[in-house]
Amino acid sequence: MSQTQPDLLYSEVEEDLRASVRDLLKAKADAATLLARVETAEGYDLKLWRTLAADLGVAGLAVPEERGGHGASAREVAVVAEELGRSVAPVPFLGSVVLATTALLHTDDGEFVGRLAAGEAIGALAVPLSTTPGAGFPSSVTAADGTLTGRVGTVADASVADLLVVPAAGPDGPALYVVEASAATVTELVSFDLTRRVADVVLENAPAVLVVSGEQAAGALEQALLAGAGILASEQTGIAEWALTETVRYLKGRYQFGRPVGGFQSLKHRLANLYTDLVLARATARNAADALASGVDVPIAVSVGQARNAPIAVKATEEAIQLHGGIGMTWEHPAHLYLKRAKADELALGTPGRHRARLADLVDLPA
C-alpha cells in the first residue's frame, strides 16, 4: 500500500496565523526597538510575550483543547517560529512553548500544562540547550523525599521562567519533576546570542512535584528535544529569509558607477545561491514540522532539518553582512543579531555534525 505524501504547503489557517504574528512583530519588535533593547539589561520583552502568548494564543497552540489549549499542531507552532526567526524577537518561545510544554504534554499532568497554555506562566526545560535528541536521560539532578538537588548549565529561557521542568534521577529511575523557579537559583550567563538568553540553574533541596517517572519520563524528554530541534529548523528558515530579503532590498537601493549594486552579475549569482538555499531550508523545515504533527519518521525528518538548515542560516547571515558592506559590520545595523542567533542555533539541540551522525544510524548507513 502506497503511503500518502504529506502536503507541505501552508494552509489558509497557517497563513492567517502568520499574518497576525508578523503584523504584531512589525509593530512591537522592529529593528530599532530590538537594537535598543539588547543594549539594556532588560533582555526579554515580556510585554510582547504576554501579547503573543495570551492574546494571540501562541502559548497553547499545540495543546489539546481538553487540556486548556487550542488543539492545533506542530505545523502551526512552526509557522510562529518562522516569523520569530524573521524578527529574532527576544521572547521565551523555544523554552516555554516548544520544550517545556511538549515535555509536559507527554505526561498525565493536568495543572502545569494549563498554566503554560494560557500564558499565565513561562516554562523552561532544565537541560543544556546544546542537548541532542537521543543523547540519553541526564543525571546531573537527583531526587529524594520530594526535593531536587543538582545543577544544570545553559538552560534556554530559564532566567524568565516561572516553572522549571526538570529531568532527574529519581528513586525509581528517570523522572520528570516541576519546580517553581523561585525555589531555584537561576544565574543568567553572558550569552553570545543577545536575543535568546541562557542561564545556569542550581537546585538545593528544592521542593518538586513529580509528573512522570520511568520509561514514560525518558520518552517525554526525548519528544521535547525532537520538537525543539524540529521547530528550530523553521526558526532558521525565518532567519535565512530575513537575510535574503533585506540584502536584496539593500542592493537594489545601493548605487555604484551609476547603477544598482544588485545588478552586478557576481552579486546576482550569490543572491541566487541564497535563494536556492532558502527553498531547500523551507522544504526541510516544513517536512520536519509535518512529521512532528503526524508522528511519521520524526527523528529522521528532524535530523535532516537540522543538518541542512543550521548551516544555511549561518551562510545567509554571513552573506547578508558582507553584501551590506560597511553598514553591515556596524552595531547600528541588526544583521549581527541575526548572525549571532544563527550561530547559536547551530549549536542548539545538536550540531549539524551530530545530526548527520544520528541520521547515519537512523537510516542504516555504513560507518
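What counts, and where the lines are drawn
Residues numbered from 1 in each chain as written. Predicted model: local features only at pLDDT ≥ 70, side-chain atom pairs only at ≥ 80, totals over all residues. Heavy atoms only, no water. Helix = DSSP H or I, 4+ residues; strand = E, 2+ residues; numbered from the N terminus. Rg over C-alpha atoms; globule rule 2.2 N^0.38 Å. Contact = heavy atoms within 4.5 Å. Areas by Shrake-Rupley, 256 points an atom, 1.4 Å probe, with all protein chains shown as cover. Lys, Arg positive; Asp, Glu negative; His and termini not counted. Charge placed at Lys NZ, Arg CZ, Asp CG, Glu CD. Buried < 20%, exposed > 50% of the residue type's maximum accessible area, 1.4 Å probe, protein only. Polar contact = N/O pair within 3.5 Å; in protein donor to acceptor, adjacent residues only side chain to side chain. Axes fitted to C-alpha atoms, helices over the stretch in contact; angles between N-to-C directions. Parallel < 35°, antiparallel > 145°, perpendicular 65-115°, else oblique. Left-handed = near helix turned anticlockwise from the far one by under 90°. Nonpolar A, V, L, I, M, F, W, Y, C, P; charged D, E, K, R; others polar. Phe/Tyr/Trp six-rings, centres within 6.5 Å; stacked < 30°, edge-to-face > 60°. Lys NZ or Arg CZ within 6 Å of the ring centre and 35° of its normal. Patch = residues over 30% accessible without salt bridge, like charges linked within 9 Å, V, L, I, M, F, W, Y side chains within 5 Å. Salt bridge = Lys/Arg side-chain N within 4 Å of Asp/Glu carboxyl O. Core = buried A, V, L, I, M, F, W, Y, C linked by side-chain atoms within 4.5 Å. pLDDT = per-residue confidence, 0-100. Pairing = 2+ DSSP bridges.

**Observations concerning the overall build of the protein chain**
Link 1 in the chain: Tallying secondary structure elements over the protein chain gives 11 helices and 10 strands in all.
Link 2 in the chain: Its C-alpha radius of gyration of 20 Å places the protein chain within 12% of the 21 Å reference for a compact globule of 367 residues.
Link 3 in the chain: Taking the principal axes of the C-alpha coordinates as reference, the protein chain spans close to 75 × 55 × 40 Å.
Link 4 in the chain: Counted over contacts in the protein chain with a minimum sequence separation of 6, partners at least 24 positions apart contribute 77%.
Link 5 in the chain: Accessible surface, the protein chain as shown: approximately 15800 Å² in total, 54% of it carbon and sulfur.
Link 6 in the chain: One finds the centroid of the 30 positive side-chain charges in the protein chain at a distance of 11 Å from the centroid of its 44 negative side-chain charges.

**Quick notes on the environment of Ala121**
Link 1 in the chain: Within the secondary structure layout, Ala121 lies in the loop between α6 (112-117) and β1 (123-125).
Link 2 in the chain: In this structure, the C-alpha to C-alpha distance between Ala121 and Pro299, residues 178 residues apart in sequence, is 29 Å.
Link 3 in the chain: Residue contacts for Ala121: discarding those within four places in its chain leaves Ser96, Arg115, Leu116, Asp162 and Leu163.

**Topic: the side chain of Thr132**
Link 1 in the chain: Tracing the backbone through its elements, the reader meets Thr132 in the loop between β1 and β2 (141-144).
Link 2 in the chain: Beyond its immediate chain neighbours, meaning those up to four positions away, Thr132 contacts Leu225, Leu349, Gly350, Arg354 and His355.

**Comments concerning the environment of Glu246**
Link 1 in the chain: Along the chain, the position of Glu246 falls in helix α7 (residues 215-253).
Link 2 in the chain: By relative accessible area, which is 19% here, Glu246 ends up buried.
Link 3 in the chain: Considered as a pair, Glu246 and Ala320 are 74 residues apart in the sequence and their alpha carbons are 7.7 Å apart.
Link 4 in the chain: Engagement of the side chain of Glu246 in a polar contact is seen with the side chain of Arg249, the distance being 2.9 Å.

**Observations concerning the packing of helix α8 (residues 265-294) against helix α9 (residues 298-323)**
Link 1 in the chain: For the pair α8 and α9, interaxial distance at closest approach is 8 Å and the crossing angle is 150 degrees. The angle between α8 and α9 places the two elements in the roughly antiparallel class. α9 is crossed by α8, and the crossing has left-handed handedness.
Link 2 in the chain: Partitioned by chemical class, the residues of the contact of α8 with α9 number 16 nonpolar, six polar and five charged.

**So, the packing of aromatic side chains**
For any pair of aromatic rings, geometry is given as the distance between the ring centres together with the angle between the planes.
Link 1 in the chain: Summed over the entire model, instances satisfying the criterion amount to one aromatic pair.
Link 2 in the chain: Positioned above the aromatic ring of Tyr10 is the side chain of Arg18, whose terminal nitrogen or guanidinium carbon lies 4.4 Å from the ring centre.

**Examining a nonpolar patch on the surface**
Link 1 in the chain: Where nonpolar side chains cluster on the molecular surface, the patch consists of Leu362, Val363 and Leu365 and spans about 240 Å² of accessible area.
Link 2 in the chain: Among the structural elements, Leu365 can be located in the segment after α11 (352-362).

**Regarding the nonpolar core**
Link 1 in the chain: In terms of nonpolar packing, the biggest core is built from 67 residues, with Leu52, Phe93 and Ile231 touching the most fellow members.
Link 2 in the chain: It is α7 that contributes the most residues to this core, 10 residues altogether.
Link 3 in the chain: For Leu52, the residues in contact, after removing those within four places along its chain, are Val21, Leu24, Leu25, Gly57, Val58, Ala59, Leu84 and Val91.
Link 4 in the chain: The next biggest cluster of nonpolar side chains, apart from the first, holds 26 residues, and it includes Ile239, Ala240, Ala281 and Ala335.

**What about the confidence of the model for the protein chain?**
Link 1 in the chain: On average, the protein chain scores 92 in pLDDT, and the residues at 70 or more come to 96%.
Link 2 in the chain: By mean pLDDT, the top-scoring element of the protein chain is β1 (98), and the lowest-scoring one is strand β9 (residues 255-256) (65).

**Describing the pattern of salt bridges**
Link 1 in the chain: Inspection of the entire model under this criterion finds 24 salt bridges.
Link 2 in the chain: Residues participating in the shared-partner salt-bridge network are Glu15, Arg18, Arg22, Glu82, Glu83, Arg86, Glu241 and Arg282.

**Brief notes about the pairing of strand β3 (residues 147-156)**
Link 1 in the chain: Direction of pairing for β2 relative to β3: antiparallel, over a ladder of four bridges. Looking across to β3, one finds that Val141 is bridged to Gly150.
Link 2 in the chain: Pairing of β3 with strand β7 (residues 198-207) involves seven bridges; the strand directions are antiparallel. Residue Ala156 lies in a different strand from β7, and its bridge partner there is Val198.

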